[in-house]
Amino acid sequence: MLTLILTCSGLFAQFQAGHLDLGLDTIHYLVNYPEGYGEGTADWPLVLFLHGGGESGNDLELVKKNGLPMHIAAGQKFPFITLTPQNKYTRGFWDLTALGHLLDHFEANNRVDLSRIYLTGLSRGGLGAWMLAMQHPNRFAALLPVCGAVPASYDIWIPEDLPIWIHHGADDGLIHPSESINMIENLREKNMKPKPRLTVYEGIGHNAWEPAYADPKVYEWLLAQRR
């Protein structure tokens, strides 16, 4: 007969607590303030933009290549603060913990309307936007993912009152549009209010960010949302 002997003394009787102090990582970013920000004491809406994989690394100029930062770099003006961090991992995903710390720091040191913080991203940044919204369910007034992969199995982590507008190219060969389509179907089964929206661009591949961020209605929709 095999006898199992349990002992309650000695080194291995229980767990011991330990820790490793890693400190806070460094995250670099660009910020664009709207005209009038320097006047008065009013709080302003904030858009957090997460770029795609091709803009990762340690050259901040890369983040101006596509999407919202590209339009700002070209001279277009928007009535909100735009915060554009850079993912330093060229072959890795966004550091969601670092993004949370960045938002905490930025909100504490700038005049941000906490009821109007918007989250958007394209491609790898689209996935990052989904994940960040799941980790911070009460932080964002709206979510605008563009051609991103989607953790559809975790749709239950998306708040039922979060306004969402997804954009994807019908001919996307890198991140298939079914990613966004399946997620929107899952979310619509939750009876979300407002109902999530999906725009699929016919004849567009993985560059859905081109029509999405060039559409004035996108910004009108964002700015209409509040927590």
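What comes next is a walk through the structure. (Residues numbered from 1 in each chain as written. Predicted model: local features only at pLDDT ≥ 70, side-chain atom pairs only at ≥ 80, totals over all residues. Heavy atoms only, no water.)

What follows deals with the overall build of the protein chain. Regarding its fold elements, the protein chain presents 6 helices and 7 strands. The order of helices and strands in the protein chain, counted from the N terminus, is β-β-α-β-α-β-α-β-β-α-β-α-α. Projected onto the principal axes, the alpha-carbon positions of the protein chain cover approximately 75 × 40 × 35 Å. Out of the 227 residues belonging to the protein chain, those deemed buried represent 48%. Intrachain contacts of the protein chain at a sequence separation of at least 6 include 72% that bridge at least 24 residues. Here the protein chain has roughly 12500 Å² of accessible surface; of this, 54% comes from carbon and sulfur atoms. Taking the 17 positively charged and 24 negatively charged side chains of the protein chain as two groups, their mean positions are separated by 3 Å. (Helix = DSSP H or I, 4+ residues; strand = E, 2+ residues; numbered from the N terminus. Buried < 20%, exposed > 50% of the residue type's maximum accessible area, 1.4 Å probe, protein only. Contact = heavy atoms within 4.5 Å. Areas by Shrake-Rupley, 256 points an atom, 1.4 Å probe, with all protein chains shown as cover. Lys, Arg positive; Asp, Glu negative; His and termini not counted. Charge placed at Lys NZ, Arg CZ, Asp CG, Glu CD.)

As for its placement among the helices and strands, Pro-34 is situated in the loop between strand 1 (29-32) and strand 2 (44-50). Note: C-alpha distance between Pro-34 and Pro-45 (11 residues apart in sequence) is 9.7 Å. When near neighbours in sequence (up to four residues on either side) are disregarded, Pro-34 contacts Trp-44, Phe-78, Pro-79, Phe-80 and Ile-81.

With that settled, the discussion passes to the nonpolar core. Counting residues in each nonpolar core, the largest one holds 33 residues, and the members touching the most others are Leu-46, Leu-119, Trp-130, Leu-143, Ile-158, Ile-164 and Met-183. Every element with two or more residues in this core is listed here: strand 2, strand 3 (81-85), helix 2 (96-109), strand 4 (112-122), helix 3 (124-135) and helix 4 (178-188). Setting aside chain neighbours within four positions, we find Trp-130 in contact with Leu-143, Pro-145, Ala-149, Val-150, Pro-151, Ile-158, Ile-164, Ile-166, Met-183 and Leu-187. Core analysis: the second largest hydrophobic core is formed by 25 residues, Val-47, Ile-72, Trp-209 and Val-218 among them. (Core = buried A, V, L, I, M, F, W, Y, C linked by side-chain atoms within 4.5 Å.)

Residues Tyr-29, Val-31 and Tyr-33 make up a contiguous nonpolar surface patch of roughly 230 Å² in combined accessible area. Inspection of the secondary structure puts Tyr-29 in strand 1. Using a relative accessible area of 31% as the deciding quantity, one classes Tyr-29 as partly exposed. (Patch = residues over 30% accessible without salt bridge, like charges linked within 9 Å, V, L, I, M, F, W, Y side chains within 5 Å. Salt bridge = Lys/Arg side-chain N within 4 Å of Asp/Glu carboxyl O.)

Tallied over the full model, the rule gives 6 salt bridges. Residue Lys-64 is joined to Glu-61 by a salt bridge in which the shortest nitrogen-to-oxygen separation is 3.1 Å. Overall, the relative accessible area of 30% leaves Lys-64 in the partly exposed class. The closest approach of N and O atoms between Asp-161 and Arg-227, which form a salt bridge, is 3.8 Å. On the criterion of sequence distance, the pair formed by Asp-161 in the loop between strand 5 (142-146) and strand 6 (165-169) and Arg-227 in the segment after helix 6 (216-223) is long-range, its members being 66 residues apart. Judged by relative accessible area, which is 43%, Asp-161 ranks as partly exposed. Residues participating in the shared-partner salt-bridge network are Asp-104, Glu-107 and Arg-139.

It is worth spelling out the environment of Tyr-118 at this point. In this fold, Tyr-118 is placed in strand 4. When its relative accessible area of 0% is taken as the criterion, Tyr-118 is described as buried. Spatially, the C-alpha atoms of Tyr-118 and Thr-84 are 12 Å apart, while their sequence positions differ by 34 residues. Not counting residues up to four positions away in its chain, the partners in contact with Tyr-118 are Pro-45, Leu-46, Val-47, Leu-48, Phe-140, Ala-141, Ala-142, Leu-222, Leu-223 and Gln-225. Of note is the side chain of Tyr-118, whose polar atom sits 3.2 Å from the backbone oxygen of Leu-222. (Polar contact = N/O pair within 3.5 Å; in protein donor to acceptor, adjacent residues only side chain to side chain.)

The next point concerns the packing of aromatic side chains. The description of an aromatic ring pair rests on the distance of the ring centres and on the angle between the ring planes. Using the criterion set out here, one finds 9 aromatic pairs in the structure. Where Phe-78 meets Tyr-219, the ring centres are 4.7 Å apart and the plane angle is 50 degrees; that geometry is what we call tilted. Highlighted residues: Phe-78 in the loop between helix 1 (67-73) and strand 3 and Tyr-219 in helix 6, separated in sequence by 141 residues. On the basis of relative accessible area, Phe-78 is assigned to the buried category, the value being 7%. Classification of Tyr-219 by relative accessible area gives buried; the value is 8%. Aromatic rings pair up to connect Tyr-29, Tyr-33, Tyr-37 and Phe-106 into one cluster. Geometry around Tyr-37 places Arg-111 over its ring, the cationic atom sitting 4.3 Å from the centre. Between the NZ or CZ atom of Arg-197 and the centre of the ring of Trp-165, over which it lies, the distance is 3.9 Å. (Phe/Tyr/Trp six-rings, centres within 6.5 Å; stacked < 30°, edge-to-face > 60°. Lys NZ or Arg CZ within 6 Å of the ring centre and 35° of its normal.)

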